[in-house]
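Spelled out, the chains give:
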Amino acid sequence: MSRLADYFIVIGYDHDKDRNGSSEGRIIQRFPENDWEACPFTQSIELFCRPVGWTLSAQRQPPEFFVAVLTDIDADRHYLSVLTFSESVAISPTKSDDGDTEEDTALNIHSLMYSPKCLVLVSRLDYFETFKNCLGIIYTAYVDKLDVQLEVLVGNILGCVQVPPPGGPQIRFSIGAGDRQALQPPVSATVPTSRNVTALLFQQLGIQNVLTLFCAALTDHKILFHSQSHSRLTDACQAITILQYPLRYSYVYVPILPAPLVEVLNTPTPFIAGVHSSLAEDTADLVDVIIVDLDGGSVHIPECVNLPTLPEPMVSRAKKALTMIDIDSISSFTWSEMVMNSDLLMADYAFPPPSPKKPPSLEQKDKEIRAIFIRFFAELLTGYRSCLTVIRIHPEPFITFHKANFLGHRGMVDDEFLVRVLEGMGFGTFVAERGTPYRTCDIFDEVYANIHDQLTEESADSEKIMEHIKDLAKQLNTNENPNPQPYVQKVPKPTDGAYSRIHQTPFPLLDSEPVHKILKEGIEKQNPKMAVRPNQVRIVPMGTPITALVDRQRMMDNNARRLEVLRNCINFVFDNKISDARIIFPAVLRALKSRVTRLALTQELSYHIRSNRAVLEHQQFDLVVKLLNCCLQNDSSMDENGVAAAILPLATTFCRKLCTGIIQFAYTCVQEHAVWQNMQFWEAAFYQDVQKQIQQLYAPHYEENNVKDKKHDSFLGSPTHKNSELNISKNCSNGGSVTPERRSSYRGREIGALEIAAEQLRTWSTLSDEKKEELISNEESTVYSQAIHYANRMVYMKVPLETQKSIKPLSPDWDSTSNSNIASSLADSESIDAESGYDEMEISDVGTSVIKFVTRFVDKVCNDSRVTPEHIKSLHQMIPGVVAMHIETLEAVNRESKRLPPIQKPKILKPTLLPGEEVVMDGLRVYLLPDGREEGLGGNMGGPTLLPAEGAIFLTNYRIIFKGTPCDPLACEQIVIRSFPISTLTKEKQVKLQYTPHIDQLPKEGLQLRSCIFQLMKIAFDEEVIPDDLEAFRKLSTKYRSPTTVFMTFAFVGQAIPQPSTMLKPVEKNASLKNFAKKTIMKTARKAGIAKQKPPKRKYVLPTPPMGRRSMSPRSSAGSDSESDRPVSEAMDDLSIIDEGEFNRSWLSDPKVIERLMERPGYQDYVRQGFGDPSDSTVTGKSTEKFRISTVNSNFSVSKSYPALLVVPANFPDDSIRKFARTHRQYRFPVVTWRHSRTKALLLRASGFHGRGLMGMLKSDPATGTSTGEISASLQQERYFSCIVSATPNSMRSYKPSYSDSLTSLDSLMLTGVQESLLVPETPEVVRRSHPAATGSLRNINNPKSSFLTLPRRTRTLRNAWPTFSRIGSIREKPRMNSNSATLDSTAMLHQNGGVNERSDLLQSSVQGLKRVALYVLGEKAQMKGIKAESFPKCDFIPVEFYEVRHVKASFKKLMRACVPSAPLPAETGFLKLVEESEWLLQIQNIMQLAGATEDLLDVQGSSVMLCLEDGWDCTTQVVSVAQLLLDPYYRTIEGFKCLVEKEWLSFGHRFTHRSNQTIANHASGFAPLFLQFLDVVHQIHHQFPLSFEFNQFFLRFLAYHYVSNRFRTFMMDNEYERVEAGWLMEDRRSSKINHEQADLDGGFATRHQSHQGASIWDYIEKHHRKSTLFMNFYYSPSDQDVVLRPYSNISNLRIWDYFLNEDLAHGPAYEIETTNKEIQMSEEEKTDSSGQPLMRKIVNGCHDNVFMQQPNVFRQKLQEIHKLETDLGHFQQKWKTVWDKLELPTGKRETMQRNLSFNTQIVKSHGRSIHKRSTLEILVKGKMLGEAAKMFSQPHRFEKHTYTTPAYCDYCSQVLWGLLKTGMHCTDCGYNCHEKCLSHVPKNCTKLKIVSDSSNTNTSVSRVSDTSTLKNEELPVESGPTYATYTPATTNTENSCLHKGYLFKRGALLKGWKQRWFVLDSTKHQLRYYDSEEDTNCKGYIELFDVQSVQPIRNVQGAPKKADENAFFELKTNRRMYNFLAADAKTAQSWIDRIHSFI
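Residues numbered from 1 in each chain as written. Predicted model: local features only at pLDDT ≥ 70, side-chain atom pairs only at ≥ 80, totals over all residues. Heavy atoms only, no water.

Novice: So what about the overall build of the chain? Which residues, and what values?
Specialist: Scanning the chain from N- to C-terminus turns up 59 helices and 49 strands. For the chain, with 2040 residues in total, the buried portion stands at 55%. The contacts of the chain with a sequence gap of at least 6 include a subset with a gap of at least 24, amounting to 73%. In the structure as shown, the chain presents an accessible area of about 90,600 Å², 52% of it carried by carbon and sulfur atoms. (Helix = DSSP H or I, 4+ residues; strand = E, 2+ residues; numbered from the N terminus. Buried < 20%, exposed > 50% of the residue type's maximum accessible area, 1.4 Å probe, protein only. Contact = heavy atoms within 4.5 Å. Areas by Shrake-Rupley, 256 points an atom, 1.4 Å probe, with all protein chains shown as cover.)

Novice: Residue-level account of the packing of aromatic side chains, with values.
Specialist: Evaluated as defined, the whole model comprises 92 aromatic pairs. Seen from their ring centres, Tyr1202 and Phe1548 are 5.4 Å apart, and the 90° between their planes marks the pair as edge-to-face. One end of the pair, Tyr1202, is in the loop between strand 31 (1187-1190) and strand 32 (1206-1209); the other, Phe1548, is in the loop between helix 44 (1534-1547) and helix 45 (1552-1555), and 346 residues separate them in sequence. Given the relative accessible area of 1%, Tyr1202 is considered buried. Consider the rings of Phe1537 and Phe1574, whose centres lie 5.9 Å apart with planes at 10°: the pair is stacked. Placement of Phe1537 in helix 44 and of Phe1574 in helix 46 (residues 1570-1584) is noted, with a sequence separation of 37 residues between them. Sitting above the plane of the Phe41 ring, Arg30 keeps its charged end 4.2 Å from the centroid. (Phe/Tyr/Trp six-rings, centres within 6.5 Å; stacked < 30°, edge-to-face > 60°. Lys NZ or Arg CZ within 6 Å of the ring centre and 35° of its normal.)

Novice: For the packing of helix 8 (residues 362-380) against helix 12 (residues 443-460), give the residues involved together with the corresponding values.
Specialist: When two helices pack together, their arrangement is given by the angle between their axes and by how far apart the axes lie. Packing of helix 8 against helix 12 leaves a shortest axis separation of 9 Å and a crossing angle of 85°. On the basis of the axis angle, helix 8 is roughly perpendicular to helix 12. The residues of helix 12 that touch helix 8, namely those facing Ile374, Arg375, Phe377, Ala378 and Glu379, are Phe444, Val447, Tyr448, Ile451, Gln454, Leu455 and Glu458. (Axes fitted to C-alpha atoms, helices over the stretch in contact; angles between N-to-C directions. Parallel < 35°, antiparallel > 145°, perpendicular 65-115°, else oblique.)

Novice: How would you sum up the pairing of strand 36 (residues 1435-1439)? Please name residues and give values.
Specialist: Within strand 36, five of the five residues are buried, which leaves it mostly tucked inside the rest of the structure. What you see with strand 36 is no split at all: Cys1435, Phe1437 and Pro1439 on one side and Asp1436 and Ile1438 on the other are buried throughout. With five bridges connecting them, strand 35 (residues 1415-1419) and strand 36 associate as parallel partners. Opposite Val1417, over in strand 36, you have Phe1437 as the bridge partner. (Pairing = 2+ DSSP bridges.)

Novice: Now, about the environment of His300: what can you tell me, with residues and values included?
Specialist: Structurally, the position occupied by His300 is in strand 16 (residues 298-300). Considering only alpha carbons, one finds His300 and Ile290, 10 residues apart in sequence, at a separation of 5.8 Å. Setting aside its immediate chain neighbours within four residues, His300 contacts Val289, Ile290 and Ile291.

Novice: An account of the nonpolar core is requested, with residue identities and associated values reported.
Specialist: Counting 255 residues, the largest nonpolar core has Phe8, Phe225 and Trp682 as the members making the most contacts within it. Once residues within four sequence positions are removed from consideration, Phe8 is found in contact with Gln29, Arg30, Phe31, Leu119, Val120, Leu121, Leu135, Ile138, Val154, Leu158 and Leu510. Counting residues in hydrophobic clusters, the runner-up holds 122 residues, among them Met1456, Phe1537, Trp1545 and Val1578. (Core = buried A, V, L, I, M, F, W, Y, C linked by side-chain atoms within 4.5 Å.)

Novice: Before we move on, could you go through the side chain of Glu368 and cite the residues and values that matter?
Specialist: Note on placement: Glu368 falls in helix 8. Setting aside residues up to four positions removed in sequence, Glu368 forms contacts with Ile325, Ile469, Lys470 and Ala473.

Novice: Go over the pattern of salt bridges with me, naming the residues and quoting the values.
Specialist: Any two side chains of opposite charge can pair, on the condition that their charged atoms come close. Applying the stated rule across the entire model yields 67 salt bridges. A salt bridge links Arg925 to Glu1024; the shortest N-O distance between them is 3.3 Å. With Arg925 in strand 24 (residues 919-928) and Glu1024 in the loop between strand 30 (1015-1021) and helix 27 (1027-1041), this pair connects stretches of sequence that are 99 residues apart. Given a relative accessible area of 11%, Arg925 falls into the buried group. A salt bridge links Arg933 to Asp931; the nearest nitrogen and oxygen atoms lie 3.0 Å apart. (Salt bridge = Lys/Arg side-chain N within 4 Å of Asp/Glu carboxyl O.)

Novice: Go over the environment of Leu112, please, and point to the residues and values.
Specialist: Within the secondary structure, Leu112 sits in strand 8 (residues 111-123). Taking the relative accessible area as the measure of exposure, Leu112 reaches 43% and is therefore partly exposed. Beyond its immediate sequence surroundings of up to four residues, Leu112 is in contact with Ala58, Ser88 and Val89.

Novice: Account for the packing of helix 20 (residues 679-698) against helix 23 (residues 769-798), with residues named and values stated.
Specialist: Interhelical geometry of helix 20 versus helix 23 gives an angle of 140° and a closest axis separation of 10 Å. Along this stretch, helix 20 crosses helix 23, giving a crossing that reads as right-handed. Contact residues: helix 20 offers Trp682, Ala685, Phe686, Asp689, Val690, Gln693, Ile694, Leu697 and Tyr698, while helix 23 offers Leu775, Asn778, Glu779, Thr782, Val783, Gln786, Ala787, Tyr790, Arg793, Met794 and Met797. In terms of residue class, the contact of helix 20 with helix 23 is made up of 13 nonpolar, four polar and three charged. (Left-handed = near helix turned anticlockwise from the far one by under 90°. Nonpolar A, V, L, I, M, F, W, Y, C, P; charged D, E, K, R; others polar.)

Novice: Summarise the sheet that holds strand 8; cite the residues concerned and give the values.
Specialist: The strands making up a sheet associate through hydrogen bonds between their backbones, and the pairing can be parallel or antiparallel. Pairing is antiparallel across the open sheet formed by five strands, whose spatial order is 4-2-8-7-6. Two strands lie at the open edges of the sheet, namely strand 4 (25-31) and strand 6 (64-71), each paired on one side alone. Each adjacent strand pair in this sheet contributes to an overall mean axis angle of 25°, direction not counted. Note: strand 2 (residues 7-13) against strand 4, six bridges, orientation antiparallel.

Novice: Run through helix 46, naming residues and quoting values.
Specialist: Taking 1.5 Å of rise per residue, 15 residues should cover 21 Å, and helix 46 covers 22 Å from first to last C-alpha, within 8% of that figure. Of all 15 residues in helix 46, 13 are buried; the element is thus mostly enclosed. (Expected span 1.5 Å × (residues − 1).)

Novice: So what's going on with the sheet that holds strand 12 (residues 222-227)? Residues and values would help.
Specialist: The five strands are arranged 13-14-12-15-16 in an open sheet whose pairing can be described as mixed. Since the sheet does not close on itself, it has two edges, and those belong to strand 13 (252-254) and strand 16, each with one partner. Adjacent strand axes in the sheet meet at a mean angle of 20° when their direction is disregarded. Two strands pair when backbone bridges link them, and strand 15 (residues 289-293) and strand 16 are joined in this way by three bridges, in the antiparallel orientation. Counterpart to Val292 in the pairing with strand 16 is Val299. Along the sheet, helix 5 (residues 207-218) makes contact with strand 12, strand 14 (271-276), strand 15 and strand 16, crossing strand 12 at roughly 140°.

Novice: Break down the pairing of strand 23 (residues 662-665) for me, citing the residues and quoting the values.
Specialist: Within a regular beta strand, the side chains point alternately toward one face of the sheet and then the other, so they alternate between its two faces. What you see with strand 23 is a clean split: Ile662 and Gln664 sit on the buried side and Ile663 and Phe665 on the side with no burial. Bridge count for strand 22 (residues 655-659) against strand 23 is four bridges, and the pairing is antiparallel. Each bridged residue has a counterpart across the sheet, and for Lys657 the counterpart in strand 23 is Ile663. Connecting the antiparallel pair strand 22 and strand 23 is a turn made up of two residues, with Gly661 showing a positive phi of about 85°.

Novice: I'd like a rundown of helix 4 (residues 197-205), residues and numbers included.
Specialist: Of all the nine residues making up helix 4, eight are buried; the element is thus mostly covered by neighbouring parts of the structure. Among the residues of helix 4, those classed as buried are Val197, Thr198, Ala199, Leu200, Leu201, Phe202, Gln204 and Leu205.

Novice: Go over unusual backbone geometry, please, and point to the residues and values.
Specialist: Cis geometry marks the peptide bond from Phe31 to Pro32; its omega dihedral reads -15°. Its place among the elements puts Pro32 in the loop between strand 4 and helix 1 (45-49). Of note, the bond from Leu947 into Pro948 is cis; its omega dihedral lies within 30 degrees of zero at 5°. By secondary structure assignment, the location of Pro948 is in the loop between strand 24 and strand 25 (949-956). Look at Gln1226: it is not a glycine, yet its phi comes out positive at around 55°. Along the chain, the position of Gln1226 falls in the loop between helix 32 (1214-1220) and strand 33 (1231-1235). A residue is classified by how much of its surface remains accessible, and Gln1226, at 1% relative accessible area, is buried. A positive phi is found at Tyr1227, a non-glycine position, where the angle reads about 60°. Here Tyr1227 is to be found in the loop between helix 32 and strand 33. By relative accessible area, which is 1% here, Tyr1227 ends up buried.

Novice: For the side chain of Ser594, give the residues involved together with the corresponding values.
Specialist: Inspection of the secondary structure puts Ser594 in the loop between helix 16 (578-591) and helix 17 (595-610). For Ser594, a relative accessible area of 13% translates into the label buried. Side-chain polar atoms of Ser594 contact the side chain of Arg562, separated by 3.4 Å. Not counting the four nearest positions on each side in its chain, Ser594 is found in contact with Asn559 and Arg562. (Polar contact = N/O pair within 3.5 Å; in protein donor to acceptor, adjacent residues only side chain to side chain.)

Novice: Lay out the confidence of the model for the chain with the relevant residues and their values.
Specialist: As a note on interpretation, predicted positions should not be read in detail where pLDDT is low. When pLDDT is averaged across the chain, the result is 75; 72% of the residues are at 70 or more. Under a pLDDT of 50 for its full length, residues 1889-1935 has, in the predicted model, 71 contacts with residues more than four places off or in other chains. (pLDDT = per-residue confidence, 0-100.)

Next up, the structure:
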């Protein structure tokens, strides 16, 4: 019996502490006044009575009741029942300390206020309704002045009401106010009572939210409820804890948290708490707290909180049941809003059942919901009793839970939710309370026992689900209300409105004497012996054993074959049939991936132990150890399958005899596994063995247990060997783990440990004291002896064999991670729980660390198992001696084991080296592991299993080489070689290694080396490799990968670093150290700005430093690969300034130098094209040639990155070139690189144009003087362009058509190129939306998937001639055919107001802009906008799209990961998908399209083309090279291709050193394979036109390999200037003309003379081409092919280059020709038949052999046969090329074939040309649209003379406009200001559109539309009156086009203030305009959205207006300047940012 309430308290408002209407609570009275002994009074109760604070109110509040919960130090909960009412109080206003009464104005003098007063009952019981009734009666007696003393009521509540415990009878009582009350205790104390709180929670939040909270609470997250109602807070918190039954919530639980204690929520521990909604803002900053709004029904989960998902199928069943819960009776009440609308399942019924007569109550639904969650837990924890481990039974049971065993059997090791639940405090309490096998059972125990059978029934009959739920709900209801007869209570209540009476006396002070008197009498009358039903203690039902959950038959079927192989192998081992065992050993290792097989292995081995076969021979011992290691390696450190526990006795039993008296046990060889570091494993294994001992201790006392105990101690026993059906568990030998039926079939009845414990507990009370002491002593001794045993086992497993050093690291880690010793590996191991981990310094002594580990284990298990202190002390004393003795024993074992003959490992094979290649690091024994490629694995691809391979890795001064043999015994006779040049190494990282077949024991970590030649090495170092060797390997590889200069690479091996060539200068550049130092210091000072620059020392060059020029270039933006943020190569530190001292005299004075230069292949090509000779250029005017080879850059004074000799117009002087070169980036001005032989059209290349902003910055420069320098440069540029145009044949001249084209004009392009759909943008707006950054990264690449615009076809009928218009998206945009691609018919082309549709107008102006011109300039969009086209007659500037370098880098990385993945690709991510995501083929397509457009313009159009992209050395080089290759057959020969590469890539300065990261200075910039892309494009063309190339595909792959290999010097340095400095270009050309026969004798290797300056790849190719057909394409037939090639560039026509995919494991890359041939020769010599003759038959494997070199080739064979015959006959041996050229062609047949070309062939060719031209037209139209987009809305300004009274600036030249004399011109429409002299230069782009009365121009435009579209005039739908292509006035147009408008503060230019302006964001004109005010119609200025680069919020703006919101500033960056804006608030600023972002 217990008291109903412990304390009654009256708490009131403390007027003494009142301050402005708020104060604190004060306890007025409390009863009893003295604390109860067992229940002390709780402090600070007044805080919880008013959680939102004690404040006065101006109105009387109705009484409120709620229950708060407090938890004391013993974790007992105290319930505070609080009834609050108002009392009136008179308040006089008082001044505050500072005299300010402003806050008190609401309180009138002597105004009537109301203060709260609380009546509180404190109890340890949770009868909330009874407390509410009792407090209500007290309040009623007070307010209605009932004839009853309040003291009597209080005394009766505290002293006279005694509540029986759970299970007791109902009591009925009265507290003396005429009331009748009843109180019913629940039946079970362990089952919580819920009333209707869980149903309310579901009603408020719904299913999903409640399940989320349920998961969060179980996984120890912080949960905070918000509500306006305190009662709802208490109910919600109570509901979420009740749903966790049978678990108990053990963390902080505060349903109502007062405002002063909100800081408690910052606790790091989990909690469930509630706060009033008024405190929500105070808790908003909590980072890791889940916020639940009960009133709004929402749950907010922070980003940092990661909730696991509830496990299936339990959660699905629960959701389904919650949905079905109300299917039988739909409530008309708000219940339908609960749990997913309970009528959901009947919503579609044609005849729904009628509504029930009586809707179910919330209480009933509450019980059904609880039933669902109880079933959820029963299903989740099914089998938990099978995993309980009995450690002690007497005097108190101690039972633990084997978590790993449970997770392993349930197959839920990776289930995060269940793992967290099992690790939580709630489950620990659950095991402690419910683990006892003999106790009182409750509802959960019954449900748990039957859940498996119920689920089986429900799977057959779904109707059983609700039946079982309702039965369980009925039990829960009975638990709360066991009395079927309801008792009618009588509780007085106050009259309505009683609380609002005006004259209500305050609550009186109670007299304490009557209260204490009644209290005392009540205690004396208390009857402690009230009849209570005794709790029925019984044996807890076991439920379904966990082993029954596994489909045993299916498992046995799946594993039968594996187990048979395993058993045979083990029998072979123990029968000493080692050879037979080794044959099937790999299959056994593969089978050990299965946990069933691993457990079967331990069982089989235990059988042989019992046969006294534990002492093994050496080979037997090795195999057994390998099996044990493989088992442990495949298992986790948790040991969820019990494999490690089963191996423990085996490892301490199997042994071998090393010599007399010295035996080595298996445990010395299985120590390197994480499971031995896991303290939880040791504890679980110890408890399992203790349970067995306890079982054996009590088993003989039971007669029914006739187990014939096999008396082997646990040292030899296996936890699984008793169960011959290969039970996965350790027999879970705690009773019930095996069904009785199965047990009886094998042995007699065996009682489990839990059954024994239950029986012992049942009979405990009947035993005598002596017997009890005996049993306690026996159990304690059992635990103690087992602790000794396990202490020894732990010492065995923890002390390493080599005791002088620490335990071997788990991986060869050169970073010396924490695995180097036991202590640190323990501290860092994830598997060690917090209790067993410790944080100490590194321990050098192994023994000390082992002692600490074992001691900690002993303390833990012995204290838990209640071992006596004496025994624990003796264990502590024993452990150091055991460790010391074991270390001493192991020293002898270690010494003797080293004397054993080592295991024979494969011999290290020496690699074949190149001449000059030296081994830097000798072979380190490694395993080459398979990566993500399928080849060579012998799986789905077939073939032998070549990987993994065992061998050695070598580091040479050129390559990293692996050479070894496959680990697979069936393929071990083959050689595996994988190598790559050290210079191609891009990434080196450590990787975690998984189990690999054929390798017995693999380290945990390995090394992965990735190469940019699409190669990858994944290696694991052998255990014999020491860490020092690993470190040396790493350092040396880094050293050779990143040399400081290119002269340290392999190309210059064995030579001193060459000095700069003396051929250029007769005097040394730095004759002495003093001169050198002086010169260096002065140059550095000048660059830094410290010393003055010296103008006389300069040539005619732009004096701006290159960094400044780059940074101000429009394309240099954040994150781009601009030149300003990349490291500059050695010689390119300054591209613009050349001191004359560096070149003492011009090369022109040395004709021999020019002559030698002209011998270079690139310059020879100029002579071939007829550009003349440099010597002719000195005689001006005498030559009729329009071009000359200029020496203006002969001393690299104009541009360091250009070649010395350049082709320029003959009539353009060199001085002018020096002046206008500054208009291009890097001074790379346009030069001629190729001329069309028929049309004489020119191909020119240059870099991008400089923006005007940069030129303006140079006006004050002393070298150029004023702005005249800029004007002069611009004029010279215009002159230069006019020279190019004049040198181009007249565009009106007709040419003889080429064979491939019937028309040569642009009309040909228009008419033949539009047979298919044409991709063009729709409007400028669309262009901008599709391409967010105008100068950004992706240069507006068209999307092949986007919707398209179809131009008219010639075959289309007149009626349907109008095209379909649609938008083109960005490259990533999906097609929007349904929404944005409306089809416009002829009537839709005109607006209703008479204006032409803007899309058609744009297309019209674009197509009309495609008039035939003499010169097309293809450039960047950002550069083209500033060009004034009228200054360049007969020129057209076309913006084109291209990929920047940074995109190439990113794409290449993705391509490498796709082609050479480091791990197998997941099923959802296929190879082709990864290639697509890399966008590599899109970039190839883009290059081919640009080159194709260039080709068509030159060949079909007859116009010259100039490419001005980026800096002119990347994409420009790619496009120019491909275009020449397509146009000129010469470049498709080997010699011509050499000329092309030398001219375009080497001479014109592609930065090979920088892009290929050849030196350490360039290493950080990232590998950029621009040249590889070019070769890939050539490969694509070669694939489509295989008869047009003299060289084959191997030639291209050879170049792709060696341009990054650093074997040849050809692709080194960044430009010709650096190569001249190195002396390469001026070396004697005769050195290469060596004797051919001598070269053949040398095998083609470079001679000593050549290697002085490094070998040239062209010389190497030439030598090999002379003596072999390796590079020859025998299908080459130049006479049959077209001169001009037009390849397809569609993605479907492109293919992935096999260079990226193929490899040759037989000899490494085939591009090292010498080593490849030698390896092939060696392998063929080894392959002989029985007679010793070489085998004639070859087996070629696609991955192992090189198919190209092994495949028979008839041409090669015939040539070899001729060579052999010539040798045999003694004739002079002719070169193969001579023989080949003598062959006669079958001309007759070919002529016949030419005359009779099939019609299909002609169609195919015509279609190919059509597709090609369509692509060209696409580029031109899109480019014109990009240019026309800015002009389509433009019109001339309306200028008037204007006198400026205030300073203004000319908008054209930026000079000042001011004063009476300096009148200027002012546009009345848009406000444009300019000088009168600038009037003619102002672009016609007035931004304010007006109606133009005379619209002849626009009428012409309309007629052009009709002409182009092949429409007749009468077919145009014309409204009455003329049709004008004009726009509506700004007043109406702006309303429609204005996307956003409002006031913003704008900061003016430098040193100007902030001014408010009215801003309008115009979607039509794509401008941000601003006005003085909203009413102003005169635009003050505008910002072109074309120019906007970025817009972003900013903070801390200097000079900001006062009181401005710091979050309201934003910054808009354009190409020219930066704008700062200030909005009204942060929200408005963000709105502007979002709107502007949508345009850019």
